[in-house]
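# A closer look at the structure
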Amino acid sequence: NVALNNGSTSSDYIRKRSSALSLSSTISQLLIQAWEAQQKKIANYLVSKIIAKNKLVDLDWSFGVTASTEELDHVGKTFLQLKLTVDSEREGRKTHFLEMSVDQFYQFLASLEKCRSFLDFVAPR
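As the structure is a prediction and not an experimental result, all values here were calculated from the model. (Residues numbered from 1 in each chain as written. Predicted model: local features only at pLDDT ≥ 70, side-chain atom pairs only at ≥ 80, totals over all residues. Heavy atoms only, no water.)

A positive phi angle, near 60 degrees, is found at S22, a position not held by glycine. In this structure, S22 sits in the loop between α1 (10–20) and α2 (25–53). Among the residues examined, S22 registers a relative accessible area of 66% and is labelled exposed. (Helix = DSSP H or I, 4+ residues; strand = E, 2+ residues; numbered from the N terminus. Buried < 20%, exposed > 50% of the residue type's maximum accessible area, 1.4 Å probe, protein only.)

Before going further, it helps to examine the pattern of salt bridges. Counting across every chain of the model gives three salt bridges. A salt bridge links R90 to E91; the shortest N-O distance between them is 3.9 Å. Here R90 falls in the exposed class, since its relative accessible area comes to 75%. Of the residues examined, E91 reaches a relative accessible area of 48% and is grouped as partly exposed. Of the charged contacts in the structure, one is a salt bridge between E91 and K94, with a shortest N-O distance of 3.2 Å. Members of the salt-bridge network, linked through shared partners, are R90, E91 and K94. (Salt bridge = Lys/Arg side-chain N within 4 Å of Asp/Glu carboxyl O.)

A residue-level look at the protein chain finds 86% of positions with pLDDT of 70 or above and a mean pLDDT of 81. Per-element confidence in the protein chain is highest for strand β3 (residues 92–101), whose mean pLDDT is 90, and lowest for α2, whose mean pLDDT is 81. Note on residues 1–7: pLDDT is under 50 here. Beyond four places in sequence and across chains, it has 15 contacts. (pLDDT = per-residue confidence, 0-100. Contact = heavy atoms within 4.5 Å.)

Spelled out as structure tokens, the structure:
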């Protein structure tokens, strides 16, 4: 089972959601059995569709330091700017700009590493 953010398994999540939706225990159990039997196929299919529709073409980054601002607390703070170029099936090539603090960057990096671990689990190379 794939672990979710809150530490529960996919089966636990399905059980909780089924209960929240007032589904019978029989339906809940059938959903869990179907998920457990097909989770790799479903995950591989979804990953392939997401990746096929949105491809990262280019990534540029730069670090900076705030030299002047109206807020004294922000002077001398470092930040990271990211420029992501994505080729989307629907929208064509599109550029996305992100600016974040160093702490936010490390949180972002940790999230990317979690995504990579998940992709390696569901769709090994």
